[in-house]
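# Structural features, examined
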Amino acid sequence: MNRRKFLSLASAGIAAAASSVNVRAASADVAEGRPEAVGVLHDSTLCIGCRSCEAACQSVNSSILPRPENYRTPEKPFYDRSVLAVKRQTDFQRFTVVNRYAVEGRYPVHRKFQCNHCMEPACASACFVKALYKTPEGPVLYRSELCVGCRYCMVACPFFVPAYDYDNAWNPLVYKCTMCAPRIASGQVPGCVSRCPEKALIFGKRSELIKIAQARIMESPEKYVKHVYGEHEAGGTCWLYLSPVPHKLLDQPEVGDVPPSRLTSGVLEAAGVAAGILSVLLGAACAVSRRRVNNADDSRAEGAESDPARGSGGDTHNEASEGNKEGGQ
Ligand code: SF4
Ligand code: SF4
Ligand code: SF4
């Protein structure tokens, strides 16, 4: 009986370890990336920092995002460019912001910031309930109904994108750009792209956008640095950027080409296997302990049979104590 119990507990532990490997395989599948993905190219040599894209984003996401006049933190209207004086970050009130960068010896450069919709998104790999996931079309989307609020996605994202509604005590959620997936599905371009007056934003198939970006660099090498940011960063992203200055001057981090999910997958797998091994050991310890208690019970029963006086109810407490002492050795 004890051996059967041990084997059953051991099997459960091994199953737990195997299941962690399956989870790893599933995340690798999510992380595969999609060669047919769509995306957006932002050419900061054309961007004038007008904030029309910010206004458009709020407008097309009005069911999720509040109007600026209802922001919990003070914010200027979208036509007010004085906000560009300070660097801003996306948060639970805005999916995108445009920042201005004063670069020595040239006009200011503007760069739009939002989720980059990675080809192998670290946020999705880190999300163990799969609230974040990569779609075949390109957008990385969020299922609020699955989110447990662990905020692993915020830690995992190499671009510091996911924002959290800390002020909402009852239903705090993660906020980030959706690439306007519903609009794309209905044949429209993302809201921000549709309203950019300078055509600094172009929507299309990611592979085509890379060709357009490379052609611009080739045709006007004096205008651009020779680097399409997002072509390879973090395994590639659906949002791509052209710049007249090194991208790191526009707060675009040097994250390397390897998807972060691949760097962490070994650790995650090891953690899963460790959890499986731990349950095997705990199961074994539990089985051994139970076996010793049973042995002690058997000894007591034999003692009671050989000495009827010791089996009387009056001494039960002391006899049990002896049995426990024996079992604990
Ligand atoms: S930029 Fe960050 S939040 Fe967006 S898909 Fe990549 S890892 Fe996820
Ligand atoms: S793609 Fe849509 S959600 Fe994302 S920044 Fe543009 S308008 Fe906002
Ligand atoms: S709408 Fe276009 S030009 Fe205006 S800030 Fe946005 S990306 Fe730049």
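Above this text is the structure in question.
Below or above, wherever it landed, is the structure these notes cover. (Residues numbered from 1 in each chain as written. Chains lettered and ligands numbered in written order. Predicted model: local features only at pLDDT ≥ 70, side-chain atom pairs only at ≥ 80, totals over all residues. Heavy atoms only, no water.)

## A closer look at unusual backbone geometry
Notably, Cys 180 is not glycine yet its phi reads approximately 55°, a positive angle. Relative to the elements of secondary structure, Cys 180 occurs in the loop between β7 (174-175) and α5 (181-185). Look at Cys 180 and you get buried, because its relative accessible area is 10%. At Asp 251, a position not held by glycine, the phi torsion is positive, near 60°. (Helix = DSSP H or I, 4+ residues; strand = E, 2+ residues; numbered from the N terminus. Buried < 20%, exposed > 50% of the residue type's maximum accessible area, 1.4 Å probe, protein only.)

## Let's talk about helix α7 (residues 206-219)
In this model, α7 (14 residues) spans 20 Å end to end at C-alpha, consistent with the 20 Å of a helix rising 1.5 Å per residue. Buried within α7 are the following residues: Arg 206, Leu 209, Ile 210, Ala 213 and Ile 217. The arc that holds every buried residue of α7, seen down its axis, measures 105°, which confines them to one face. Summarising the geometry of α7, the exposed residues directed more than 90 degrees from the buried face are Lys 211, Met 218 and Glu 219. Considering only its buried residues, α7 is in contact with β1 (38-43), β8 (201-205) and β9 (239-242). (Expected span 1.5 Å × (residues − 1). Arc of directions from axis to C-beta. Contact = heavy atoms within 4.5 Å.)

## Focus on the site of ligand 3
The immediate surroundings of ligand 3 are formed by 13 residues, with Cys 47, Cys 50, Arg 51, Cys 53 and Cys 196 found nearest. Across the shell around ligand 3, the residue classes break down as eight nonpolar, three polar and two charged. (Near = heavy atom within 4 Å. Nonpolar A, V, L, I, M, F, W, Y, C, P; charged D, E, K, R; others polar.)

## Structural notes on the sheet that holds β9
Strand order across the open sheet formed by three strands is β8-β1-β9, with mixed pairing between neighbours. The two strands at the open ends of the sheet, each matched to only one other strand, are β8 and β9. Ignoring which end each strand starts from, the neighbouring axes of this sheet average 25° apart. Relative to β8, β1 is paired through five bridges, and the arrangement is antiparallel. By the bridge assignment for β8, Leu 41 is matched with Ile 202. Relative to the sheet, α7 contacts β1, β8 and β9, its axis offset from that of β8 by approximately 130°. (Pairing = 2+ DSSP bridges. Axes fitted to C-alpha atoms, helices over the stretch in contact; angles between N-to-C directions.)

## Focus on the site of ligand 1
Close contacts around ligand 1 come from 14 residues, with Cys 115, Asn 116, Cys 118, Cys 123 and Cys 157 the closest. Considering only residue class, the shell around ligand 1 consists of 11 nonpolar, two polar and one charged.

## Describing the nonpolar core
In this structure, Phe 159, Tyr 175, Leu 201 and Trp 239 are the most contacted members of the largest nonpolar core, which totals 34 residues. Counting only elements with at least two residues in this core, the list comes to β1, α2 (52-60), β2 (97-101), α6 (191-195) and β9. Contact partners of Tyr 175, with chain neighbours within four places excluded, come to Ile 64, Leu 65, Asp 91, Phe 92, Phe 95, Val 161, Pro 162, Ala 163 and Asp 165. (Core = buried A, V, L, I, M, F, W, Y, C linked by side-chain atoms within 4.5 Å.)

## Let's talk about α2
For an α-helix, the turn length of 3.6 residues means that residues three or four places apart are oriented alike. Where α2 is concerned, the buried positions are Cys 53, Glu 54, Ala 55, Ala 56, Cys 57 and Gln 58. Lining the buried residues of α2 we find β2, β3 (109-113), α6 and β8.

## Brief notes about the environment of Tyr 175
Mapping Tyr 175 onto the fold places it in strand β7. With 110 residues separating them in the primary sequence, Tyr 175 and Leu 65 have C-alpha atoms 9.4 Å apart.

## So, the pairing of β2
Every other side chain in a regular strand lies on the same face of the sheet, so the side chains alternate between the two faces. Burial runs high along β2: four of the five residues are buried. Examined bridge by bridge, β2 and β3 share five bridges and lie antiparallel to one another. When the bridges of β3 are listed, Val 98 appears paired with Lys 112.

## A word on the pattern of salt bridges
Inspection of the entire model under this criterion finds six salt bridges. A salt bridge links Asp 43 to Arg 216, with the shortest nitrogen-to-oxygen separation between them at 2.8 Å. In this pair, Asp 43 sits in strand β1 while Arg 216 sits in helix α7, placing the two residues 173 residues apart along the sequence. Residue Asp 43 is classed as buried on the basis of its relative accessible area of 0%. One network of salt bridges, in which partners are shared, links Arg 51, Glu 54 and Arg 88. (Salt bridge = Lys/Arg side-chain N within 4 Å of Asp/Glu carboxyl O.)

## Here's the deal with the environment of Pro 77
When you line up the elements, Pro 77 lands in the loop between α2 and β2. Pro 77 sits 22 residues away from Ala 55 along the chain, and the two C-alpha atoms are 8.8 Å apart.

## Let's talk about the packing of aromatic side chains
Applying the stated criterion to the full structure yields four aromatic pairs. For the ring pair Tyr 164 and Tyr 166, a centre distance of 5.0 Å and an interplane angle of 75° mean the geometry is edge-to-face. We classify Tyr 164 as buried; its relative accessible area is 10%. Between the aromatic rings of Tyr 229 and Tyr 241, the centroid separation amounts to 6.1 Å while the plane-to-plane angle is 65°, which identifies the pairing as edge-to-face. Of this pair, Tyr 229 sits in the loop between α7 and β9 while Tyr 241 is found in strand β9, placing the two residues 12 residues apart along the sequence. Since its relative accessible area comes to 3%, Tyr 229 is described here as buried. Following the ring pairs from residue to residue traces out a cluster consisting of Phe 159, Tyr 229 and Tyr 241. (Phe/Tyr/Trp six-rings, centres within 6.5 Å; stacked < 30°, edge-to-face > 60°.)

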